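Each chain is listed here by its residues.
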Amino acid sequence: MSLIEILIITLIKILIILTLTLLTVSYLVYFERKISAWAQNRLGPNRVGWEGILQPFADVFKLLLKEDIVPNKANKVIHSLAPMVALFVAFTTYAVIPIGPNVQIFGYDISLVVADINIGILYVLALTSLGVYAITFAGWSSGSKYSLLGGIRSSAQMISYEISMGFSIAGVLLLSESLRPIAIVESQAGWMWNAVVQPIGFITFFVSAFAETNRLPFDLPEAEPELVGGFHTEYSSMKFAGFFLAEYANMIIASALITTLYLGGWQIPYIEKLGLADWLVTVFQVGSFFIKVGMLLFFFIWIRWSIPRFRYDQLMNIGWKVMFPLSLINLVWVAVLIMIFN
Amino acid sequence: MSLEILLFIVFSLISVISAILMITRSNAVISALYLILNFAGLAGLYLLLNAQFIAVTQVIVYAGAIMVLFLFVIMLLKPEHEKKFLEAKPKLKIFAVAIAAIIFLQLIYLLFFSKPSESLSPEMTKSIDSGTIEAIGKQLYTNYLLPFEAAGFLLLAATVGALILAKKKIE
């Protein structure tokens, strides 16, 4: 393929992934409100369109029309930079997540991932480690003590849980012997899903993912009763919407990562033995990826409306005294497995 | 002009300009921001040299971990006190200028009077793959195992030291 062709194909992939994410994010907000309504025996949004199906668009227009308020004490540049950093980190991570096997379209052999780089998992870790800045900047630049407290809390939380996250990923990498997301998915053929082979690592990664996305029961950075709104207290209009978007985009990233690393990615066990046509198998596999991600997203929302928030010392105790040792045990477990079966 | 040269110019401009802005800003937080930008530019330069692993660790370790720590210290310690400290003791400035001059002379010596390192085997420098994670891992666990383990042990000792310093005294 020539450079121009590669550029065009990559641009098309980026466009598809971006539209897909933006649509999913807006409907994720809708489903969050609907599911919370069911959990609390209410009706939820049901006025705009059939069963409130157009509610996300109404929300976006409302936020667009609101006045953008920047506090007097705020550092103006960094104050507007923070939501941009949050969005940048949230959307660029999608580049390395594969949603299906290679396909043949118009004679081109196309992989269903925007960038197939051989250090893909490190790329994800690098970007998530930059995600701390969005919250720290927002907290510091607002010139409000609630924001600063929320920002500092959040950074401490994210740094603490990044460690157990990294060690859980190390277990996956030991088995797949590669940092390429596609190779990791392919190493989980059949029922060799990492969630089955290394259940402890799956659980530690799952819990760390909740902490990294600042979702309940780990949403201390924006704990409403103590901190008003935490790091985004002083944000309004589209800048607030930026943080809101980034939070839900991060949820999708976390679900997609869990699917890729632990639930076999796009793979359906033993589908090749059914003797279906190639294109049908691909369609089913891409579908299975989206179904897995969707179920994980539902789980995220379900947990939020079922479990109360941790206290700050509990959060730190769980991170350092439970999750960290557990992820180390998982690493040893995987190493022993490799010793025995190699 | 090839794409590589164009990218090199972009990344080196980012690095140089952000480095200059970093030392000329009076607000320490803004300085730290420019340092992060500088690290990002350097990571891009490493990528152009085919050193993907170093590029990503540059972002994870320096931009992602160390600079977060820097920012915390700056935000919590309020750097305004530093200014008063310097105004009260003007002789410190002479000391700082002297150290800066020494480092600058060292850099000039390295750039113009020293030979390039010959410790790398010619095959390794030629190979495009020398920057990949597999190549670095192999080198670390075979040829450079002892320094690698020693560095790990040093880090462990530092962690234990930090824990003991921060621990509350319980009678």
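The notes below deal with the structure included here.

Conventions we followed
Numbering of residues begins from 1 in every chain and follows the order in which that chain's sequence is written. Each chain takes a letter, starting from A, and each ligand takes a number, starting from 1, following the order in which they are written. Per-residue local features are limited, in this predicted model, to residues with pLDDT of at least 70; the limit for side-chain atom pairs, both in listing and counting, is 80 or more; totals at the level of whole chains, interfaces and linings are taken over all residues. Processing note: side-chain calculations cover all non-hydrogen atoms of the structure and skip hydrogens and water entirely. Here a helix means four or more residues in a row that DSSP labels H or I, a strand means two or more in a row labelled E, and each is numbered from the N terminus. Put simply, the radius of gyration uses C-alpha atoms, and a globule should come to 2.2 Å times the residue count raised to 0.38. Here, residues are in contact when the closest pair of their heavy atoms is within 4.5 Å. Only the protein chains shown count as cover for residues, with accessible areas throughout obtained via the Shrake-Rupley method and a probe of 1.4 Å. Under this rule, positive means Lys or Arg and negative means Asp or Glu; His and the chain ends count for nothing. Note on charges: their place is set at NZ of Lys, CZ of Arg, CG of Asp or CD of Glu. Cavities and pockets are found on a 1 Å grid laid over the protein atoms alone: a cavity is a set of points where a 1.4 Å probe fits but cannot escape, a pocket is an open set with protein on both sides within 12 Å along at least five of seven lines, and a lining residue has an atom within 4 Å of such a point. Grid points are joined across faces, edges and corners, and a volume is the space filled by probe spheres set on the points. As a working rule, the residues Ala, Val, Leu, Ile, Met, Phe, Trp, Tyr, Cys and Pro are called nonpolar, Asp, Glu, Lys and Arg charged, and the rest polar, with Gly in that last group. All the domain ranges listed were derived from an automatic or database domain assignment. Polar contacts, as counted here, are pairs of nitrogen or oxygen atoms within 3.5 Å of one another; within protein the pair requires one atom able to donate a hydrogen and one able to accept it, and residues that are adjacent in sequence qualify only if both atoms are side-chain atoms. Accessible-area loss on putting two parts together, using a 1.4 Å probe and summing over both, is the definition of buried area adopted here. Any Lys or Arg side-chain nitrogen located within 4 Å of an Asp or Glu carboxyl oxygen qualifies as a salt bridge. One less than the residue count of a helix, multiplied by 1.5 Å, gives the span that helix is expected to have. Burial classes follow relative accessibility: with a 1.4 Å probe on protein chains only, a residue under 20% of its type's maximum area counts as buried, one over 50% as exposed, and anything between as partly exposed. Classification of ring pairs uses Phe, Tyr and Trp, with its six-membered ring standing for Trp, and accepts pairs whose centres are within 6.5 Å; under 30 degrees between planes counts as stacked, over 60 as edge-to-face, and the remaining range as tilted. The reported arc concerns the directions from the helix axis to the C-beta atoms and nothing else.

Observations concerning the overall build of chain A
Item 1. Per the secondary structure count, chain A includes twelve helices and two strands.
Item 2. Radius of gyration (C-alpha) of chain A: 21 Å, near the 20 Å computed for a compact globule of 342 residues.
Item 3. Dimensions of chain A, computed from C-alpha atoms along their principal axes, come out at roughly 60 × 50 × 45 Å.
Item 4. At a minimum sequence separation of 6, the contacts of chain A that also span at least 24 residues come to 78%.
Item 5. Just so you have it, chain A exposes about 16,400 Å², and 72% of that area is on carbon and sulfur atoms.
Item 6. The averaged location of the 21 negative side-chain charges in chain A is 9 Å from the averaged location of its 20 positive side-chain charges.

Examining the overall build of chain B
Item 1. Along the backbone of chain B there are eight helices and zero strands.
Item 2. Written out in order from the N terminus, the α and β elements of chain B read α-α-α-α-α-α-α-α.
Item 3. Summed over all atoms, the accessible surface of chain B reaches about 13,400 Å², with 74% contributed by carbon and sulfur.

Description of the layout of surface pockets
Item 1. Its volume calculated, the largest pocket comes out at about 2,600 Å³.
Item 2. Lining the largest pocket are 50 residues, with Glu162(A), Ile163(A), Gly166(A), Phe167(A) and Ile60(B) positioned closest to its centre.
Item 3. Elements represented by at least two residues in the lining of the largest pocket include exactly α4 (120-141), α5 (145-176) and α12 (312-341) of chain A together with α3 (52-77), α7 (133-141) and α8 (145-166) of chain B.
Item 4. Examining the composition of the lining of the largest pocket, we find that eleven residues originate from one element, α5(A), more than from any other.
Item 5. Looking at the lining of the largest pocket residue by residue, the classes come out as 38 nonpolar, nine polar and three charged.
Item 6. When residues are assigned to domains, the lining of the largest pocket turns out to be shared by domain 1 (1-82) and domain 3 (132-171) of chain B, each giving three or more.
Item 7. Of the voids in this model, the second largest pocket is the one considered here, and its volume is about 1,700 Å³.
Item 8. In this structure, the second largest pocket is lined by 47 residues; those nearest its centre are Phe88(A), Tyr123(A), Phe11(B), Ala40(B) and Leu47(B).
Item 9. For the lining of the second largest pocket, the elements supplying multiple residues, two or more each, are α1 (3-39), α3 (76-92) and α4 of chain A together with α1 (3-24), α2 (28-48) and α3 of chain B.

Some words on the environment of Ser26(A)
Residues and elements named next belong to chain A.
Item 1. Within the secondary structure, Ser26 is located in helix α1.
Item 2. The spacing of Ser26 and Tyr248 is 222 residues in sequence and 8.5 Å in space, taken between C-alpha atoms.
Item 3. At 2.8 Å, the side chain of Ser26 forms a polar contact with the backbone oxygen of Leu23.

So, the interface of chain B and chain A
Often, the extent of an interface is quoted as the loss of accessible area on bringing the components together.
Item 1. The partner chain A presents 20 residues to the 19 residues of chain B that form the contact.
Item 2. Together chain B and chain A conceal approximately 1,800 Å² of surface at their shared face, both sides included; 84% is due to carbon and sulfur atoms.
Item 3. Our enumeration of links across chain B and chain A arrives at zero salt bridges.
Item 4. Applying the counting rule to chain B against chain A returns one residue pair in polar contact (both at pLDDT 80 or more).
Item 5. Those elements that place two or more of their residues in the side of chain B that touches chain A are α2 and α3 of chain B.
Item 6. When residues of the side of chain B that touches chain A are assigned to their parent elements, the largest contribution, 13 residues, is made by α3(B).
Item 7. Considered class by class, the residues forming the side of chain B that touches chain A number 16 nonpolar, three polar and no charged.

Re helix α8 (residues 199-212) of chain A
Residue and element names in this part refer to chain A.
Item 1. For α8, spanning 14 residues, the distance from its first C-alpha to its last is 20 Å, which sits close to the expected 20 Å at 1.5 Å a residue.
Item 2. Among the 14 residues of α8, eleven are classified as buried, and the element is accordingly described as predominantly covered.
Item 3. All buried positions along α8 are accounted for by Gly201, Phe202, Thr204, Phe205, Phe206, Val207, Ser208, Ala209, Phe210, Ala211 and Glu212.
Item 4. Just downstream of α8, Asn214 is the residue with a positive phi angle, here 55 degrees.

Remarks on the environment of Phe284(A)
Item 1. Mapped onto the secondary structure, Phe284(A) falls in helix α11 (residues 278-304).
Item 2. For Phe284(A), the contacting residues outside a window of four places in its chain are Ile268(A), Ile271(A) and Leu276(A).

Quick word on the packing of aromatic side chains
Item 1. Scanning the entire structure with this criterion turns up 22 aromatic pairs over all chains.
Item 2. Counting every residue linked through ring pairs, the aromatic cluster contains Phe202(A), Phe205(A), Phe206(A), Phe210(A), Tyr262(A), Phe298(A), Phe299(A), Phe300(A) and Trp302(A).

Quick word on the pattern of salt bridges
Residues and elements named next belong to chain A.
Item 1. As enumerated under the stated definition, the model contains six salt bridges over all chains in all.
Item 2. A salt bridge links Glu32 to Arg304, with the nearest nitrogen and oxygen atoms 3.5 Å apart. One end of the pair, Glu32, is in helix α1; the other, Arg304, is in helix α11, and 272 residues separate them in sequence.
Item 3. The class for Glu32 is buried, based on a relative accessible area of 4%.
Item 4. Judged by its relative accessible area of 21%, Arg304 falls in the partly exposed class.
Item 5. Across the pair Asp116 and Arg180 runs a salt bridge whose closest N-O atoms are separated by 3.1 Å. A residue pair is termed long-range when its members are at least 10 positions apart, and Asp116 in the loop between β2 (108-110) and α4 and Arg180 in the loop between α5 and α6 (181-186) qualify at 64 residues.
Item 6. We classify Asp116 as partly exposed; its relative accessible area is 36%.
Item 7. Since its relative accessible area comes to 28%, Arg180 is described here as partly exposed.

Here we look at α1(B)
Residue and element names in this part refer to chain B.
Item 1. A rise of 1.5 Å per residue sets the reference length of α1, with its 22 residues, at 32 Å; its end C-alpha atoms lie 32 Å apart and thus fit the reference within 8%.
Item 2. When we look at burial in α1, the residues that qualify are Ser12, Ser15 and Ser18. Projected down its long axis, α1 carries its buried residues within an arc of 135 degrees, all on one side.
Item 3. Where α1 is buried, its residues meet α2.

As for unusual backbone geometry
Residue and element names in this part refer to chain A.
Item 1. In this model, Asn41 sits at a positive phi of 60 degrees, which is unusual for a non-glycine residue.
Item 2. Summarising the element assignment, Asn41 is placed in the loop between α1 and α2 (55-65).
Item 3. Accessibility expressed as a relative area gives 74% for Asn41, which makes it exposed.
Item 4. Phi angles above zero are rare outside glycine, and Glu177 is one such case at about 55 degrees.
Item 5. Looking at where Glu177 falls in the secondary structure, it is placed in the loop between α5 and α6.

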